[in-house]
Amino acid sequence: MMAELIRNRMAASALAFIILMLVFAAFAPAIAPYNPTEIDTKNILTAPSKAHIFGTDTLGRDIFSRIVYGSRISLSIGFIAVGIAVLIGIFFGSVAGYYGGRIDSIMMRFVDIMLCFPTFFLILAVIAVLEPSIFNIMVVIGATGWMGVARLIRAEILTLKEREYVMASKVMGARPAWMIVRHLIPNAIGPVLVSATLGVGGAILVESALSFLGIGVQPPTPSWGNMLMDGKSTLGVAWWHTVFPGLFILFTVLAYNLLGEALRDFLEPRLRR
Amino acid sequence: MMDGTILKVRDLKTHFQTDRGVVKAVDGVDFDVRTGETFGIVGESGSGKTLTALSILKLVAPPGRIVSGSVVFKSEDLLLLDAERLRKIRGSKISMVFQEPASAFNPVFTIGYQIIEAVMAHQAVKMSKARDLAMEFLKRARIADPAKAYHDYPHQLSGGAKQRAMIAMALVNSPELLILDEPTTALDVTIQSQILDLLDEIRERERLSTLFISHDFGVIARMCDRVAVMRKGLIVESGDKAQILNDPKEEYTVSLLESVKALA
Amino acid sequence: MLRYIAKRLIGLIPVFLGITLISFFVIHLAPGKPTDIQTSLNPKVSYEARLRLEKLYGLDKPVYVQYADWLKRFATFDFGRSYVDDRPVSQKVAERIPITILINVLSIGLILAIGIPLGVIAAVKRGSLADKSTTVFAFIGFSMPEFWLALLLMSLFGITLGWLPISGIKSLDFEYFSLGGKVLDVAKHLILPVAISAFGGLAGISRYTRTSMIGIIHQDYIRTARAKGLKESDVIYKHALKNAMLPVITILGLSVPGLIGGSVIFESIFAIPGMGRLFYESVMSRDYPTIMGILSIGAILTLIGNLIADIAYSYADPRISLPSAREGASE
């Protein structure tokens, strides 16, 4: 009982934080006190103060404003990458599950093979070949993260096929494909939603890692990841440059993870029905 | 004990805390098991008979809880003992055989290992002696190839063989009281009677006091000296086997007997 | 057992082929030819010279011939020569692999040594403070950007406190240390990287162990163990744990690619001369042969890791390698 209440409060705060970040992203110009790319050579690397609550960076830009604008990058990359992953996953899983047989074996082999590559290596390699751009990053993260959803969808379809063919053989003339889709959506939407929510967190982590390494979002566009790249070069000198952007990454990803887990718990008892 | 009673259960209550309130699975059960006899508890599923057996050795898992009552074994109330004293009794003075042999053994250890564990937990003997004991009792349980069974893993044995192994494991420390919870329910009919024959044999040879739980009146009739009928957590009627079978006093007992006769 | 291993090995062949296909595909995603970097920046290179270079790399042949070539070279670990210093890629990688493997192995060791006990305690003392804090810790571990943690710890331990070195794997005066001193020096350099690398995995394993244990503790055979009169510690740490570890082995196998991929980040941060850092440098300098070589080797390492996990699992779970009874067999 107690545990449930606490868990719900955590989920609620996670949701609240996510909404806050969405607000940041949507209304960045209104919320950010300064222009994120505005250089101010008189205020280089100043500690947090009333004027700049998170301090300034190596070019005098206000870190808080850059964080607010950075939320746009992180969230949009997160959503779109996951969107791509889910679409590819649904397509893959459906085809494999529906057709079964050889097509299924080949496709699932493909999934196994993809899972052999360290995802980060693959992403880095592709970006190295294609040059970093926000669009490329979204596509690559999506193209390397669909495997889980594919397996989910395939499993659902396989279970449904068992049931549907039993029914269909009694109700002559029923088209199994349509019935499968109709039953698939309510059953699969839950786990896919959980996977997607957790996936946003993962995508944000990957994007910030790429930006940190210099092959993600390129300066001067502010991303929490590339701000940490500057944080590295000012280590020991400007703690605020490292602490704040990282904190936002941590909290945002944490929020998505908590939300995802809460969703999963919420769906659990229903699954047992 | 002076009056030849090895187990005295008084007012045993075991309740479950669920979302929908308290379920009084065992709600005030009294019975005695006399030394050397086989005492049966018969009832439908849900009557609380298995839980009664589990309560005796305090093996009830949460959300179940033994709420009150006493279980006096020879002269000690088991429910009041500390963990270590209870541990010494489990498996050596009082042993239990469970219903599902397939899940009662740990799948990652061999049969022989699990039996030896039972020995080493209670007897201060060398490994080789423990091994001999294990083999001895596997033979006594009439397992077809004791040496092979000893080295086999549980999944390599058939259901009947597993149950024999469990019986061997329960007897290896020569207990004074054996509790059998539906020992043949999960087995094929032919195997069932073989196991019952084995239990008969053991009973005669060892003069073991036995508590036999079953939903099958036929099995109870065959194996037991005295019987108690359980329903919804309470004992409805109890007495000598002959009396219960031929002259039942309670309506419920009558209907239970009728259903068995209908099948026969 | 050997038969099982042989079967698994044969099953790996299609996967291996698939790996070669995908890495081949990736390299050909580049618009233009891989040799453009070498040639396009240098106007003095004549058209004939460019053709010769392309012929050298086999880029003038049809795609399927190129793939067959690639396959052949892959099998012999010939990934060509680095654009950066013209040394054979396999040689460069071979120099760097030991360190990366060392760090990852240490990391796995740390994950198991801390993660499993944490998970067991959380399961046994379910609902207690220990359990809840383990869960909190696990969530933070999942959500933590490892490179940020690295920066923070570097700042704290390396700069502010000065306890641990923050770059490389040896100090400058390494050569003058005694053997014991050398070991200690390397150890000091490895503490932060291994700890950071293990952090996320630790969170995962502790949570997974907890879930696994909770499921096992309610099994019938645990009840039998107690009914036999075994000590509670034996019940938990022998009977329950051995079963709970089975899925953990699988999870470990699945986390190998993540560990290898993660090595890019912290090897770069801590300036460790490992395979991950080499990969990063190759990406930055667009050294395609090395990039492809490391990508492929990374996949092969994962394959090996999975195979080891599979074998370990079949060794630990007798139900896999030994056949079950047929009805009426041993009575």
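Our structure's up above, just so we're on the same page.
In what follows, the accompanying structure is described. (Residues numbered from 1 in each chain as written. Chains lettered and ligands numbered in written order. Predicted model: local features only at pLDDT ≥ 70, side-chain atom pairs only at ≥ 80, totals over all residues.)

1. Re the sheet that holds strand S7 (residues 177-181) of chain B
Neighbouring strands of a sheet are bound in pairs by backbone hydrogen bonds; such pairs are parallel or else antiparallel. Residues and elements named next belong to chain B. In spatial order, the strands read S6-S7-S8-S3-S9-S10; together these six strands make up an open sheet with mixed pairing. If you trace the sheet from one side to the other, it starts and ends with strand S6 (94-97) and strand S10 (234-240), each paired once. If you compare each strand with its neighbour and ignore which way they point, the axes differ by 15° on average. In this structure, S7 lies alongside strand S8 (residues 209-214), joined through five bridges in parallel fashion. In the sheet register, Leu 178 faces S8, and the bridge partner there is Thr 210. (Pairing = 2+ DSSP bridges. Helix = DSSP H or I, 4+ residues; strand = E, 2+ residues; numbered from the N terminus. Axes fitted to C-alpha atoms, helices over the stretch in contact; angles between N-to-C directions.)

2. Describing the interface of chain B and chain C
Accessible area lost upon the coming together of the parts is a frequently used measure of interface size. If you look at the interface, chain B gives 32 residues, while chain C gives 27 residues. When residues of the side of chain B that touches chain C are traced back to their parent elements, those giving at least two are helix H2 (83-89), helix H3 (101-104), helix H4 (111-122), helix H6 (146-151) and helix H7 (159-171) of chain B. For the side of chain B that touches chain C, the element with the most residues is H4 of chain B, which contributes four residues. Of the residues contributing to the side of chain B that touches chain C, the split by class is 16 nonpolar, nine polar and seven charged. (Contact = placed C-beta atoms within 7 Å. Nonpolar A, V, L, I, M, F, W, Y, C, P; charged D, E, K, R; others polar.)

3. Concerning the sheet that holds strand S4 (residues 64-73) of chain B
Residues and elements named next belong to chain B. The strand order across the open sheet built from four strands is S2-S1-S4-S5, with neighbouring strands paired in antiparallel fashion. A single partner strand is all that each edge strand has here, and the edge strands are strand S2 (21-34) and strand S5 (76-77). Those strands touched by helix H1 (residues 49-56) are strand S1 (5-18), S2 and S4, and its axis lies near 70° from that of S2.

4. A closer look at the interface of chain C and chain A
Of the residues lining the interface, 41 residues belong to chain C; the matching set on chain A comes to 38 residues. At the level of elements, helix H1 (2-27), helix H6 (129-143), helix H7 (146-160), helix H10 (232-269), helix H11 (275-284) and helix H12 (288-316) of chain C are the ones that each hand at least two residues to the side of chain C that touches chain A. For the side of chain C that touches chain A, the leading source of residues is H10 of chain C, giving eight residues. Split into classes, the residues belonging to the side of chain C that touches chain A amount to 30 nonpolar, ten polar and one charged.

5. A word on the arrangement of the chains
When the two pairs of chains in contact are compared, the highest contact count belongs to chains A and C. Here chain A and chain B are not in contact; the least distance found between their C-alpha atoms is 10 Å.

6. Brief notes about the pairing of S8 of chain B
Residue and element names in this part refer to chain B. Taking burial as the measure, the six residues of S8 include six buried ones, the bulk of the element. Sheet analysis places strand S3 (residues 38-42) next to S8, joined by five bridges and oriented parallel. Counterpart to Phe 39 in the pairing with S8 is Leu 211. In the classification by handedness, the crossover that spans S7, the intervening helix H8 (residues 189-206) and the parallel S8 is right-handed. (Buried ≥ 20, exposed ≤ 12 C-beta atoms within 10 Å, placed from the backbone. Right-handed = clockwise from strand over helix to strand, strands pointing away.)

Fair warning: the whole summary comes from geometry, so function is off the table for now.
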